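Notes for the structure review
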Amino acid sequence: MKMTDFKVKDPHLASQGKLLVEWASIHMPVLNQIKHQFEKEKPFKGFTIGACIHVTKETAVLMNTFAAGGANVALCGCNPLSTQDEVAAALAKQGINVYAWRNETTDEYYWCINKVIDHKPIITIDDGADLVSTVHVKRKEALERIKGGTEETTTGVVRLRAMEKAGALKYPIIAVNDAYTKYLFDNRYGTGQSTVDGIIRATNLLIAGKNFVVCGYGWCGRGIALRVRGMGASVIVTEVDPVKALEAVMDGFRVTTIDKASSIGDVFVTTTGDINVIRKEHMLKMKDNVILANSGHFNVEISIPDLESIASSKRKIRPNLEEYTLQNRRRLYLLAEGRLVNLAAAEGHPSEVMDMSFANQALCVKYLAQKSKMKPKVYKVPMEIDNLVARLKLKAMDVEIDTLTEEQRKYIATWEAGTV
Ligand SMILES: NC(=O)c1ccc[n+]([C@@H]2O[C@H](COP(=O)([O-])OP(=O)(O)OC[C@H]3O[C@@H](n4cnc5c(N)ncnc54)[C@H](O)[C@@H]3O)[C@@H](O)[C@H]2O)c1
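Rules used throughout
- Residues numbered from 1 in each chain as written.
- Predicted model: local features only at pLDDT ≥ 70, side-chain atom pairs only at ≥ 80, totals over all residues.
- Heavy atoms only, no water.
- Helix = DSSP H or I, 4+ residues; strand = E, 2+ residues; numbered from the N terminus.
- Rg over C-alpha atoms; globule rule 2.2 N^0.38 Å.
- Contact = heavy atoms within 4.5 Å.
- Areas by Shrake-Rupley, 256 points an atom, 1.4 Å probe, with all protein chains shown as cover.
- Lys, Arg positive; Asp, Glu negative; His and termini not counted.
- Charge placed at Lys NZ, Arg CZ, Asp CG, Glu CD.
- Phe/Tyr/Trp six-rings, centres within 6.5 Å; stacked < 30°, edge-to-face > 60°.
- Buried < 20%, exposed > 50% of the residue type's maximum accessible area, 1.4 Å probe, protein only.
- Lys NZ or Arg CZ within 6 Å of the ring centre and 35° of its normal.
- Core = buried A, V, L, I, M, F, W, Y, C linked by side-chain atoms within 4.5 Å.
- Salt bridge = Lys/Arg side-chain N within 4 Å of Asp/Glu carboxyl O.

With that out of the way, let us pick up the overall build of the protein. A tally of helices and strands in the protein yields 17 helices and 15 strands. Its C-alpha atoms give the protein a radius of gyration of 22 Å, near enough to 22 Å, the size a compact globule of 420 residues would have. Referenced to the eigenvectors of the C-alpha coordinate spread, the extents of the protein come out at roughly 70 × 65 × 45 Å. Long-range pairs, those at least 24 residues apart, make up 70% of the contacts in the protein between residues at least 6 apart in sequence. When the accessible surface of the protein is split by element, carbon and sulfur atoms take 54% of a total near 19,500 Å². Taken together, the 55 basic and 49 acidic charged side chains of the protein have centroids lying 2 Å from each other.

This is the structure:
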């Protein structure tokens, strides 16, 4: 039998991790159904799958699904602060080649990605496109073997589309993020709930009565805005897209610029996928005791260099909560070093929502394994996969829906029928 190679914080945490993975698995019925199917079919026999994705209990269920389908799996984290060390230990014990621990330095983070590439993957799975970009820039020899890949998040899809446009993308990628059964639920309800969870775990402050500024009213932003409104916050949205801004207004939120919101907000959360959304000039206008958090993919949405430059001192209050005292004596509190607060300060999305995102991942990886000669482009998730995931989820939730009658099917397919 092949030996598993790994580097994790502490292999002795494996039994704790196993319990967490079991807990997630109980709440992932769709992925489990796919896993049973893979066990019988072995669609990944002879395949190595290389994944760079948050190492959480739900990811463990996905990796076990691939292993059940016959794959050799190599995994690293896609964020230096999001790995659940117990889960990494459990995966190593179960035979997954895992390179991940919480609090990696940037060098360690890329060392882990390179270890995954050393396993010679045929299919890659990314969350943020760091694996794909490392392969394309530093490990070009790996390109020859890679058949295709998938991408989990909005920021990764944006990067990959830019690569495609520049003619730099060398293998096909399926944008799992863009499946309806992914972003409508994962980005909205998953990020919505878990971002609030992260803020509460880091601060244990009351949401009710706070002026809560949400920067970016995309799928994640609207989830956060919805949830904190439900908890009694007064929500202010900032946007750059006029349609999204209008939508936020009609959804009943106050919309203004970050400049104006700066002096009003008690809590700020960025979720734009953009850079330097909250800068020095905004921080200098903020009230005393303001909380700053980010739920976008990279830690660049709140300018930490700006914060450092205007601070006269800083100290760590408790895990994931750092106090910056500014030269104007006001204190700003940065959560989880500006990294995605829901994964760094909480546990990421609930298992039920990852059930759908990862069912898409599993079926898309199978699709890539079976397809040949796909062009090096960014592809949508095939509609039959998206629909299948929705149907399986509804079935697991014991929800029935109607079916079109033959008459209805014909009626909606014709253009001749009009006013009666
Ligand atoms: N925390 C998580 O677990 C998690 C989950 C899913 C996605 N994400 C990440 O969250 C980010 C947002 O994802 P999404 O799916 O909501 O994307 P989206 O494209 O639906 O929304 C982003 C919104 O931000 C707006 N925006 C861009 N620059 C802005 C600026 N300077 N000021 C205000 N608004 C601005 C855009 O107009 C857009 O409406 C991405 O980085 C994505 O990868 C995180």
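Enumeration according to the criterion identifies 9 aromatic pairs in this entry. Seen from their ring centres, F185 and Y189 are 6.4 Å apart, and the 35° between their planes marks the pair as tilted. Here F185 and its partner Y189 are both found in helix α8 (residues 180-203), 4 residues apart, which amounts to about one turn of the helix. On the accessibility criterion, F185 (27% relative accessible area) is partly exposed. Judged by relative accessible area, Y189 falls into the partly exposed class, the value being 33%. Joined through ring pairs, the aromatic side chains of F38, F44 and F66 make up one cluster. Taking NZ or CZ as reference, K7 lies 4.8 Å from the ring centre of W101, over its face. Sitting over the face of the ring of W219, R222 holds its NZ or CZ atom 4.2 Å from the ring centroid.

Right, let's get into the nonpolar core. Note that soluble globular proteins tend to have their nonpolar side chains buried in a common cluster. F44, M63, F66, L75, L91 and V98 are the most contacted members of the largest nonpolar core, which totals 51 residues. L75 has contacts with A51, I53, V55, T59, M63, L91, I96, N97, V98, Y99 and V116, leaving out every residue within four places of it along the chain. The next biggest cluster of nonpolar side chains, apart from the first, holds 26 residues, and it includes C78, V132, Y171 and I173.

Tallying each qualifying case throughout the model produces 22 salt bridges. For the salt bridge of K18 with E22, the shortest nitrogen-to-oxygen distance reads 3.5 Å. Of this pair, K18 and E22 both sit in helix α1 (residues 14-26), separated by 4 residues, roughly a single helical turn. The class of K18 is partly exposed, set by a relative accessible area of 46%. Note that E308 and K314 form a salt bridge whose closest N and O atoms lie 3.0 Å from each other. We classify E308 as partly exposed; its relative accessible area is 36%.

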